[in-house]
Amino acid sequence: IAAARKVCQKLDIPYHVIDCTAEYKKIVLSNFKAEYLAGRTPNPCVLCNATIKFSALPLAARAAGIEFDKFATGHYAGVRFNQENGRYQLLCGKDPRKDQAYFLYRLSQEQLAGIMLPLGSYTKAEIRELAKEAGLEVCDKPDSQDFYTGDINDILQTEPKPGNFVNTAGKVLGTHRGIWNYTVGQRRGLGISADRPLYVIKLDKEKNEVVLGYEEECYKEALVADGLTWLSVPPLAEKTEIQVRLRSSQAPVAAEFLPQSADTAAIRFFSRQKAVAAGQSAVFYDNDGYVLGGGFIKGTQNAAV
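Residues numbered from 1 in each chain as written. Predicted model: local features only at pLDDT ≥ 70, side-chain atom pairs only at ≥ 80, totals over all residues. Heavy atoms only, no water.

**Q** Lay out the environment of L190 in plain terms, naming residues and giving numbers.
**A** Position of L190 among the secondary structure elements: in the loop between β6 (172-176) and β7 (199-204). Spatially, the C-alpha atoms of L190 and L212 are 9.3 Å apart, while their sequence positions differ by 22 residues. Ignoring any residue separated from it by four or fewer positions in sequence, one finds L190 in contact with F165, Y182, L198, Y199, V200 and L212. (Helix = DSSP H or I, 4+ residues; strand = E, 2+ residues; numbered from the N terminus. Contact = heavy atoms within 4.5 Å.)

Structural data, given as structure tokens:
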């Protein structure tokens, strides 16, 4: 808040503080807690953008009497209107290492119509240089790393729930203090000795088990996604080749989109993918860098779908 205030003073533009902490706690943090305790790995930034940053915040600003034509943010992504299909489209940022379109895939057409994303055509280095030329102290400010500055156990606030570590055959390998302390693909901090490194393969809430396996057991051929939303195109109703990103830091990979219902689809990878975690987002792209849509990873499959 202090840094933003200094920037506005330097640029001689109005500065307002809009408090959305109540909505953030009620929607984002409560969802984060529920997902973790259910053995899933949520991405709170995705939910925050759709419900708080691009919804509650501009609504609260208008309610406070602040008039504006567009709501602009510093996300590294782009937005444009496609005259041919009558839809606003979300475009990846110029710098693939800093692209943030992944986090915006759940925005609605109404939200896209009311926003500006001016940094999408710049790299982070170019923006830092512009800030330096403008004499802004934030030009060398470190990147923010997470949505919460404390320990996630501050949010979870739950008692330990001991259970078993098991291998993929069901053999007990040791005990854990709660499945929420682990994520799919995790290798370090397991405290289980083996002839080769072990990875978290699955979190089983019903059995309160953390399933461990070797690296080759981490790879999956397909996933099922639900809660689908669509941006640059209308909902895909038939089998379609797409690009899909399973984590914000991962490059999109080639896959086949196989619709199962209006809300659910199977995604079959052309090459097996490692550590596909339930609760994370699978975001769909075309070959031109537009975000088609996406959904939440419900589960994974090894057999053909």
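**Q** Explain the pairing of strand β5 (residues 163-167) to me, and be specific about the residues and the numbers.
**A** Across 4 bridges, the pairing between β5 and β6 is antiparallel. If you follow N164 over to β6, its bridge partner there is T175. Hairpin connection between β5 and β6: a loop of 4 residues separates the two successive antiparallel strands, and G170 in this loop has a positive phi of roughly 95 degrees. (Pairing = 2+ DSSP bridges.)

**Q** Go over the sheet that holds strand β8 (residues 209-213) with me, naming the residues and quoting the values.
**A** Hydrogen bonds along the backbone pair up the strands of a sheet, which may run parallel or antiparallel. Sheet architecture is open: 4 strands sit in the order β6-β5-β8-β7, paired in mixed fashion. Where the open sheet ends on each side, the last strands, each with one partner, are β6 and β7. The mean inter-strand angle of the sheet, taken between neighbouring strand axes irrespective of direction, is 30 degrees. Here β7 pairs with β8 via 5 bridges, running antiparallel. Residue D204 lies in a different strand from β8, and its bridge partner there is E209. (Axes fitted to C-alpha atoms, helices over the stretch in contact; angles between N-to-C directions.)

**Q** Run through the environment of N31, naming residues and quoting values.
**A** One can find N31 in helix α2 (residues 21-37). Separated by 13 residues in the primary sequence, N31 and P44 have C-alpha atoms spaced 8.0 Å apart.

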